[in-house]
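For reference, the chains in residue letters:
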Amino acid sequence: MATTAKIAKDLRLEEARKSKTPKLRCRHRNRCWRCGRPRGYLRKFGVCRLCFRQLALNGEIPGVIKASW
């Protein structure tokens, strides 16, 4: 009796797991495409602040120039 109940419970759990969406879908973290850094991410450019600075100084990001006043 206990074995049959355990098998039934396991089958119900497997069906429940299949119907659920992944838990990590809502935990998506933006990461820099160059170095993978999760913090200091600039959404407009898709890179972190460190890579953004390096690319801007090299002139590899169009329309971005170093400010001077």
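Residues numbered from 1 in each chain as written. Predicted model: local features only at pLDDT ≥ 70, side-chain atom pairs only at ≥ 80, totals over all residues. Heavy atoms only, no water.

Novice: Looking at this structure, how should I read the overall build of the protein?
Specialist: Regarding its fold elements, the protein presents two helices and two strands. Across the protein, helices and strands are ordered from the amino to the carboxyl terminus as α-β-β-α. When burial is assessed residue by residue, the protein has 12% of its 69 residues classed as buried. Put simply, of all contacts in the protein between residues at least 6 apart along the chain, 0% involve residues at least 24 apart. Roughly 6,700 Å² of accessible area belongs to the protein as shown, and the carbon and sulfur atoms make up 54% of that amount. (Helix = DSSP H or I, 4+ residues; strand = E, 2+ residues; numbered from the N terminus. Buried < 20%, exposed > 50% of the residue type's maximum accessible area, 1.4 Å probe, protein only. Contact = heavy atoms within 4.5 Å. Areas by Shrake-Rupley, 256 points an atom, 1.4 Å probe, with all protein chains shown as cover.)

Novice: Could you clarify how one ought to interpret the UniProt feature "binding site: Zn(2+)" (unreviewed entry) in the protein in this entry?
Specialist: Residues annotated in UniProt with the feature "binding site: Zn(2+)" (unreviewed entry) correspond here to C32, C35, C48 and C51. Sequence-wise these annotated residues cover 20 residues; spatially they are packed, their C-alpha atoms never more than 8.2 Å apart. Relative to the helices and strands, C32 resides in the loop between α1 (2-19) and β1 (41-42). Residue contacts for C32: discarding those within four places in its chain leaves R37, Y41, G46, V47, C48 and C51. Of note, C51 is situated in helix α2 (residues 49-58). Excluding residues within four positions of it along the chain, C51 makes contact with C32, R34 and C35. (UniProt positions renumbered as here; feature names shortened; annotations may be inferred.)

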